Amino acid sequence: MKVGEIIRIIVFTLVGFIIMMWLQPFLYEQRFFGVIKSIPIRDWIQQYYVAAWIVFGFSVLFTVLWYVILLKNQGGSASSFKLLWYIGLFILTVVVFLAMYFNNQDENGELIQETVVSMTGLFLFDSLFLLYWLPTVTSTPGLLKRKTVPFAIPVNDLMNRN
């Protein structure tokens, strides 16, 4: 275990937290993504926070699980770990869509159409890129750091992690 790997996970988690829990709700309040007509913005922001906490929690959980599993099983095959990584990616994608669907409804239980695209896009970016791919590609330990996460070779070369 290298301290730098853990620090990178913590830093990306903090950046993701700030973006998801502060910047994105602020942008919605400022009507950056358009006007939400079917529900008061304050009520919708509360729904957003519920969905954001779900997505954030699962993303951090899967990132930490990835790191711990690899740390404990350094001798495993790269192909099985690559499959495991993709399974995590798939599950996180499902979590994003479910969180967005169940926490983006008006008082009649209808999906709020004005926010479907922006909320889904932001949560996919946050979860899959910022909180899952980026920490795993920069913090995968040992010999597996270049063989398991997509685009690991150029990123690790860029970081001088050979």
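These lines cover the structure that appears in this document, whether it is placed above or below. Since we're looking at a predicted model, the values are computed, not measured. Numbering of residues begins from 1 in every chain and follows the order in which that chain's sequence is written. Local features in a predicted model are, by the rule used here, given only for residues with pLDDT of at least 70; side-chain atom pairs are given and counted only at 80 or more, and totals for whole chains, interfaces and linings are based on all residues. The side-chain values count all of the structure's non-hydrogen atoms but skip hydrogen atoms and water molecules.

### Digging into the packing of aromatic side chains
Thinking step 1. For Phe, Tyr and Trp, rings pair up if their centres lie within 6.5 Å, where Trp contributes its six-membered ring, and each pair is then called stacked (planes under 30 degrees apart), edge-to-face (over 60) or tilted (otherwise). This structure, assessed with the given rule, holds 17 aromatic pairs.
Thinking step 2. Here Tyr 48 and Tyr 49 contribute two aromatic rings whose centre-to-centre distance is 5.9 Å and whose plane-to-plane angle is 75°, an arrangement assigned as edge-to-face.
Thinking step 3. Of the residues examined, Tyr 49 reaches a relative accessible area of 25% and is grouped as partly exposed.
Thinking step 4. Their ring planes at 20° and their centres at 5.0 Å tell us that Trp 85 and Tyr 132 sit as a pair that is stacked. Taken together, the residues span a long stretch of sequence, with Trp 85 in helix H3 (residues 78-102) and Tyr 132 in helix H4 (residues 113-139) at a distance of 47 residues. Exposure classes here rest on a 1.4 Å probe applied to the protein chains alone. A residue is buried below 20% of its type maximum, exposed above 50%, and partly exposed in between. Numbering of helices and strands runs from the N terminus, with a helix taken as a DSSP run of H or I at least four residues long and a strand as a DSSP run of E at least two residues long.

### Quick look at the pattern of salt bridges
Thinking step 1. Here, a salt bridge means any Lys or Arg side-chain nitrogen found within 4 Å of an Asp or Glu carboxyl oxygen. Following the criterion strictly, the structure yields two salt bridges and no others.
Thinking step 2. A salt bridge links Glu 29 to Arg 42; the nearest nitrogen and oxygen atoms lie 2.7 Å apart. With Glu 29 in helix H1 (residues 3-29) and Arg 42 in helix H2 (residues 41-72), the pair connects residues that are 13 residues apart, well separated along the chain.
Thinking step 3. Here Asp 157 and Arg 146 are joined by a salt bridge, their closest N and O atoms 2.8 Å apart. In this pair, Asp 157 sits in helix H5 (residues 152-158) while Arg 146 sits in the loop between H4 and H5, placing the two residues eleven residues apart along the sequence.
Thinking step 4. With a relative accessible area of 36%, Asp 157 lands in the partly exposed category.
Thinking step 5. Judged by its relative accessible area of 27%, Arg 146 is partly exposed.

Everything listed here is a matter of coordinates, which is why it stays silent on function.
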